[in-house]
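Structural characterization, general
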Amino acid sequence: FFLMIRRPPRSTQSRSSAASDVYKRQTLSDILLHPLLAMQSRFILQNRLPNFAIYKSSIDFIRQHRHNPRELFQGWQGHLPKNILMTIGFINLMADRPKEGFLLANMISILFGYPFITIIRRMQSQSSIPGMLPFRYNSCTDALKKIIREEGIRGLYRGCIASVAVSFFTSLLMMQTSDAF
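Residues numbered from 1 in each chain as written. Predicted model: local features only at pLDDT ≥ 70, side-chain atom pairs only at ≥ 80, totals over all residues. Heavy atoms only, no water.

1. Focus: the side chain of Q74
If you trace the backbone, Q74 turns up in the loop between α4 (58–64) and α5 (79–94). Within the local environment of Q74, its side chain forms a polar contact with the backbone oxygen of M123, the two atoms lying 2.8 Å apart. Among all residues touching Q74, those that are not within four sequence positions of it are H34, R42, I120, M123, Q124, Q126 and F135. (Helix = DSSP H or I, 4+ residues; strand = E, 2+ residues; numbered from the N terminus. Polar contact = N/O pair within 3.5 Å; in protein donor to acceptor, adjacent residues only side chain to side chain. Contact = heavy atoms within 4.5 Å.)

Here it is in structure tokens:
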């Protein structure tokens, strides 16, 4: 019994090491690409009003943030729990039945990970630049508390149906065109 606690069975070791590798790669890429996601969020936000543009281009975006690049990394911590949930879902559901598991894991990971995506996007949209959303959230935890208090759980899932639909059809397409399944 104590040997099992110290050293898990061989199948569990390979699954957990695979999960660890997936989590590390996904988290690293999310954090490195976070400024591009911030750029995307802010371009979407600036289009909420007609004939209103804070940023004229990607170059203009970089120019405006060269003095305060830390603003582009707001909310990066949200990737950590999001990727943990997504990795657990993928590894466990794909172990026995790869095709059905892949599709199901995609849907479940989006449903559980989407609140973190909402928090990340909200934090990315905060800025000291006029026209952007003013600073409201101090951290991911603060954002989570305020969103639930002010908007309820539904506030965390705004836009989730579109994301699930895109993921579902992308997964189906990948399954139909890939030899891995």
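2. Let's talk about the side chain of H79
Take H79: it is sitting in helix α5. Classification of H79 as buried rests on a relative accessible area of 2%. Not counting chain neighbours up to four residues away, the residues in contact with H79 comprise D30, H34, L37 and I120. (Buried < 20%, exposed > 50% of the residue type's maximum accessible area, 1.4 Å probe, protein only.)

3. Observations concerning the packing of aromatic side chains
Following the criterion strictly, the structure yields four aromatic pairs and no others. Look at F43 and Y55: their rings are 5.7 Å apart centre to centre, the planes differ by 55°, and that puts the pair in the tilted class. Taken together, the residues span a long stretch of sequence, with F43 in helix α3 (residues 34–46) and Y55 in the loop between α3 and α4 at a distance of twelve residues. Note on F168 and F169: the rings are 5.2 Å apart at their centroids and 80° apart in plane angle, and the pair reads as edge-to-face. (Phe/Tyr/Trp six-rings, centres within 6.5 Å; stacked < 30°, edge-to-face > 60°.)

4. Some details on helix α7 (residues 140–151)
A rise of 1.5 Å per residue sets the reference length of α7, with its twelve residues, at 16 Å; its end C-alpha atoms lie 16 Å apart and thus fit the reference within 8%. Among the residues of α7, those classed as buried are C140, D142, A143 and I147. Buried residues of α7, seen end-on, are gathered within an arc of 150° and therefore sit on one face of the element. Summarising the geometry of α7, the exposed residues directed more than 90 degrees from the buried face are K145 and R149. Positive phi appears at G152, one or two residues downstream of α7, with a value of about 80°. (Expected span 1.5 Å × (residues − 1). Arc of directions from axis to C-beta.)

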